[in-house]
Every structure is written in structure tokens, then in C-alpha cells.
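# Overview (structure and organization)
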Amino acid sequence: MLAEIVFVLLCLCFAIYLFFCAIAYFRFAFGGRKANTPKNNLPPASVVICARNEAAHIKHNLTLVLEQDYPVFEVIVVDDGSWDSTPAVLMELQKNYPRLKLLEIKEDSVYAHGKKLALTIGIKSAQYEHLVFIDADCYPASKDWLKQMVQTFDDKTDIVLGYGAYANKKGLLNKLIRMDTLRIGTQYLSLALAGMTYMGIGRNLAYRKSFFMKQKGFWPHSQIPSGDDDLFVNKSATRHNVRIAATESCITFSEPKETMKEWIRQKAQAYYYFYLL
């Protein structure tokens, strides 16, 4: 009798899991990755990036952002208390790219601050309504990244979610990281398609400046150091104000962690802050 009950429970759990997969994965896999129809009039856009000690790769990554195929846009980089040569690299880039706007936050030994302050300063200084975000250690997959992100907006859209992948490297750890990232990305993008948005990622995200101000920025979760992306989206998304952009041309790539210890620490910190909600 006990064996039959256990078998029925296992079958029920499996059925529930399949139902969840149908909602959380299949919608995105079979219908959520169509490219947007090109628009004749693309609105001006502001790309906002926070950089802290990113001298090693910011020149390569930022150049790919600055050379996007888009009519009118600015790139705002907030140097968040860097003590390496990041400021010098940024100033050198600015000589060749007039659309690059540089801001700086000095590190304070008494009053510590997080990324949310740097982002808020960058957002408030943006001169355009459509804001697109990418991290300093990331780079877009193509010159159409910015175009695809902004084209996703319509009159009812306040937030656009993108997918942030990790670069393909050798080794088992890299495969685990990319597989886990794909699982998470497929889940949150598909649930967004179903009107159940619960998170986004700051390395590929867009929203309206007026919407950010209406939501009082990051103030609702200002007591939490992290969460400038997932917590903000979780608190401000509705069933009707979110769209996704997840074609190959609008993916962003990041460099993955190189050791299991670093990856576990990164995952643990992300889950800790998210479940503080």
C-alpha cells in the first residue's frame, strides 16, 4: 500500500513539474525570440554603465557599446570609486567618442555606498527617456544590440528584459555556469511572456527614465545593498508593462568565474539578497 502511495505522489510531482516547465520554459523556447520589426523613427537612448576597477577590459567592451548602429544615443559611464587606471582609460576613449559622458564618484572611507547610488546618478544625468543598461565587464553580441532593445518598447512598455550569457570557455565549470545561466534566463524570460515577471538582470536591461522616477528609484529596497536589477524589476513590473528582447543580436556576454569557489560565492550572494524580499 505504501509503495502505491509513493508512486502516486511521485507521478503527481512529475506532472506538476511538467506543468511548470510548460509555463516557465516552453513559451519562451517556441515563441519568444522573434526579432523586432525595424522602426523608421528610433527614439534617442541613453546607455548607463557603472564601472569600478574595470581597466583590464573596459576599453574593449565599451568600444563595442559606443559603436552601436543607432542614430542618436549617449553612453554614460559612472566611475564608481576606481583606484586602478579605469579613469585614464575612460578619458582616453572620450577623446575619440564625443557621445561618451563620464561621471565620477569618489570613494568615501566613512560613508560606504553601493551600485544603486552610482546608477541613480547616471540615470538622473541621462538626457533621454529610454535607458539601456549593461555592466562594464560585459559586451554586446552585435552592433544591433541597442537597436533591438529600444525597438522592443511600445506605448504600454516600461521595462524590457534582455538575456545575459557567459562567454564560452574551456572546462566543466564553464559549461555548468552557462547551463545554469540558460536555465535561469529561460525561466524569467518565459514567465515574463506569461505576465508573471519576477526579475531581470542589470547586464542587459532597459526601462523608461520617467518610470524609474515614478517608482521612486531604488528607494523601496534601499536597505538592501544589491538588487538594482532583480529587486527593482520584481517590485515595479506588472502583467502588462514588460516585454522581452532575446534574439541572438541583442544578447550580452560576460566573462565567467574561473573557480568553483568564486561561482558559489556569487550565487549565494544573489540568492541571499533576493530572498530578503
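For the structure, check the block above.
Our subject in this report is the structure included herewith.

About the cut-offs
Residues numbered from 1 in each chain as written. Predicted model: local features only at pLDDT ≥ 70, side-chain atom pairs only at ≥ 80, totals over all residues. Heavy atoms only, no water. Phe/Tyr/Trp six-rings, centres within 6.5 Å; stacked < 30°, edge-to-face > 60°. Helix = DSSP H or I, 4+ residues; strand = E, 2+ residues; numbered from the N terminus. Buried < 20%, exposed > 50% of the residue type's maximum accessible area, 1.4 Å probe, protein only. Patch = residues over 30% accessible without salt bridge, like charges linked within 9 Å, V, L, I, M, F, W, Y side chains within 5 Å. Areas by Shrake-Rupley, 256 points an atom, 1.4 Å probe, with all protein chains shown as cover. Salt bridge = Lys/Arg side-chain N within 4 Å of Asp/Glu carboxyl O. Pairing = 2+ DSSP bridges.

With that out of the way, let us pick up the packing of aromatic side chains. Considering all chains together, one arrives at nine aromatic pairs under this definition. The interplanar angle of 45° and the centroid separation of 5.7 Å between the aromatic rings of Phe212 and Phe232 together place this pair among those described as tilted. Pair noted here: Phe212 is in helix α7 (residues 209-214) and Phe232 is in helix α8 (residues 230-236), with a separation of 20 residues, a long-range link.

Structurally, the position occupied by Leu189 is in helix α6 (residues 172-193). Residue classification places Leu189 among the buried residues on the basis of a relative accessible area of 0%. With 54 residues separating them along the chain, Leu189 and Arg243 place their C-alpha atoms 8.8 Å apart.

Moving on, we come to a nonpolar patch on the surface. Among the surface-exposed residues, Ile5, Leu9, Leu12 and Ile16 lie close enough to one another that they form a single nonpolar patch of about 370 Å² accessible area. Along the chain, Leu12 turns up in helix α1 (residues 2-31).

Turning to the pairing of strand β4 (residues 130-133), a few remarks are in order. On a regular strand, one side chain projects to one face of the sheet and the next to the other, so that they alternate. On β4, burial covers both faces: His130 and Val132 on one face and Leu131 and Phe133 on the other are all buried. Examined bridge by bridge, strand β1 (residues 45-51) and β4 share four bridges and lie parallel to one another. In the sheet register, Val47 faces β4, and the bridge partner there is Val132. With four bridges connecting them, β4 and strand β8 (residues 205-208) associate as antiparallel partners. Bridge pairing in β8 links Val132 to Ala206.

In short, shape yes, function no, at least from these values alone.
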